[in-house]
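Inside the fold
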Amino acid sequence: MMTQAALICRVNGRDQQQISLFDRGFQFGDSIFETARFYIDRCPFWSLHLKRFSQACERLAFHFDVAKLQAEYQYICQLLQAQGQREAIVKFQLSRGESLRGYAHPDGEANLVALAFSAVPFDQAVAAKKLELSLINLAKQPLLAGLKHGNRLEQVLARQKLSSSCDDAILLDSEQHVIEAISSNLFYKQDGHWLTPDLSFSGVAGVVRAYLLERAALRVSSTPLTVEQLLQSEAVCLANSVQGIQAVESLMIASGPLQGLHKWQGEGENVTASESLSQIYREGFTLPARSSE
């Protein structure tokens, strides 16, 4: 397995690996972030990352000129090309700045952290994922729903409890409706159509999800999704901007009336079912078509 290494570390446009102890992102999770895959000379779907970042700044009242993020993004891409990196993972995190104790914040300057990490070569032809149903529920908070903010303890706890035999876990909200996986959005096929849960109250609205919605490759479900309904779907897959479209093979439920290992289809069949989404994704990513061999 490839060891991950930090390639670039910058704070507010300068090469730097430290940030103040008074940074509000460190103190309170008062921050937003974007994680994207760099490929050859750019981050595919960057415009959607920038759009989500801008929306988060507006909704959370971050006073920040988004043009600074665009300039830093372009500089990071140039640095990675100069290093000879064809693939990497980049992360931009914006905090509200610095303050002393207490939640109230002064009108100070926000801190922008830019990081780049080594990455294994991108491959959509990976084995279908084995999931489990997490016991960690997502809180319902419409003010934060859809945003990629710095309060990720729910995901940290879910990842901490993930069984070693599973690749990811499905997260429910407090009303036991299916929302997403730990770090990916969830899509399910019903009556020949791909759907995705509504994220008006919980979850992160991912950029691959946004891209596929723009392309009318899937639509947001008009009704909440139960675990039982998910198990009755024709196929399931996950998606995020780092790993792309990931077919799902099975779901393990440890307890309750639905306890047991549930499989939608054989591994190869489920990969085939998600191929329509993968093809549209690759068009945006500018990846070559997968070999039929």
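Residues numbered from 1 in each chain as written. Predicted model: local features only at pLDDT ≥ 70, side-chain atom pairs only at ≥ 80, totals over all residues. Heavy atoms only, no water.

1. Considerations on the overall build of the protein
When its secondary structure is counted, the protein shows eight helices and 14 strands. Taken over C-alpha atoms, the radius of gyration comes to 19 Å for the protein, in line with the 19 Å a tight globule of 293 residues would show. Within the span of the protein, comprising 293 residues, buried residues form 49% of the whole. Residue pairs at least 24 apart in sequence account for 71% of intrachain contacts in the protein once pairs closer than 6 positions are excluded. (Helix = DSSP H or I, 4+ residues; strand = E, 2+ residues; numbered from the N terminus. Rg over C-alpha atoms; globule rule 2.2 N^0.38 Å. Buried < 20%, exposed > 50% of the residue type's maximum accessible area, 1.4 Å probe, protein only. Contact = heavy atoms within 4.5 Å.)

2. Observations regarding the confidence of the model for the protein
Averaged over the protein, the pLDDT score is 89; the fraction of residues at 70 or greater is 93%. Element-level mean pLDDT values for the protein span from 59 in helix 7 (residues 267–273) up to 98 in strand 8 (residues 178–181). Low pLDDT, under 50, characterises residues 288–293; the predicted model gives this stretch eight contacts beyond four residues in sequence or across chains. (pLDDT = per-residue confidence, 0-100.)

3. Observations concerning the side chain of Glu87
For Glu87, the position within the fold is in strand 4 (residues 87–95). Not counting chain neighbours up to four residues away, the residues in contact with Glu87 comprise Arg37, Phe38, Tyr39, Ala119, Val120, Pro121 and Phe122.

4. Concerning the packing of helix 5 (residues 207–214) against helix 8 (residues 275–285)
For the pair helix 5 and helix 8, the least separation of the axes is 10 Å and the interaxial angle reads 100°. By the angle between their axes, helix 5 is roughly perpendicular relative to helix 8. Facing Val208, Tyr211 and Leu212 of helix 5, the residues of helix 8 in contact are Leu277, Ile280, Tyr281, Glu283 and Gly284. Taken together, the residues that form the contact of helix 5 with helix 8 break down as six nonpolar, one polar and one charged. (Axes fitted to C-alpha atoms, helices over the stretch in contact; angles between N-to-C directions. Parallel < 35°, antiparallel > 145°, perpendicular 65-115°, else oblique. Nonpolar A, V, L, I, M, F, W, Y, C, P; charged D, E, K, R; others polar.)

5. Let's talk about the pairing of strand 5 (residues 111–118)
Remark: a regular strand shows side chains that alternate across the two faces of the sheet. Most of strand 5 sits inside the fold, with six of its eight residues counted as buried. Pairing between strand 1 (residues 6–11) and strand 5: five bridges, direction antiparallel. Following the sheet pairing, Val11 is matched in strand 5 by Val113. When strand 4 meets strand 5, the two strands line up antiparallel, connected through eight bridges. (Pairing = 2+ DSSP bridges.)

6. Concerning the nonpolar core
By size, the foremost hydrophobic cluster in this structure holds 28 residues, and its most contacted members are Phe53, Leu69, Leu80, Val90, Phe92 and Leu94. Mapped onto this core, the elements with two or more residues apiece are strand 3 (31–39), helix 2 (46–59), helix 3 (66–82), strand 4 and strand 5. Ranked by the residues each element gives to this core, the list is headed by helix 3, at six residues. For Phe92, the contacting residues outside a window of four places in its chain are Ile32, Phe33, Glu34, Trp46, Leu69, Glu72, Tyr73, Ile76, Leu112, Val113 and Ala114. (Core = buried A, V, L, I, M, F, W, Y, C linked by side-chain atoms within 4.5 Å.)

7. A few points about unusual backbone geometry
Glycine aside, the phi torsion of most residues is negative, and most peptide linkages are trans. Residue Asp191 is not a glycine yet carries a positive backbone phi of 55°. Looking at where Asp191 falls in the secondary structure, it is placed in the loop between strand 9 (185–190) and strand 10 (193–196). Taking relative accessible area as the criterion, Asp191 reaches 65% and is therefore assigned exposed.

8. As for the state of the cysteines
Tallied over the full model, the rule gives zero disulfides. Just so you know, Cys9 is unpaired, no disulfide at all, and the nearest cysteine sulfur is the one on Cys43, 16 Å from it. (Disulfide = S-S within 2.5 Å.)

9. Things to note about the packing of aromatic side chains
Taken as a whole, this structure holds six aromatic pairs when the rule is applied. Geometrically, the ring pair formed by Phe45 and Tyr281 is tilted, given 5.4 Å between the ring centres and 35° between the ring planes. Within this pair, whereas Phe45 is found in the loop between strand 3 and helix 2, its partner Tyr281 is found in helix 8, the two being separated by 236 residues in sequence. Here the aromatic cluster, defined as three or more aromatic residues joined through ring pairs, consists of Phe45, Tyr211 and Tyr281. The positively charged end of Arg96 is found above the aromatic ring belonging to Phe62, 4.2 Å away from the centroid. (Phe/Tyr/Trp six-rings, centres within 6.5 Å; stacked < 30°, edge-to-face > 60°. Lys NZ or Arg CZ within 6 Å of the ring centre and 35° of its normal.)

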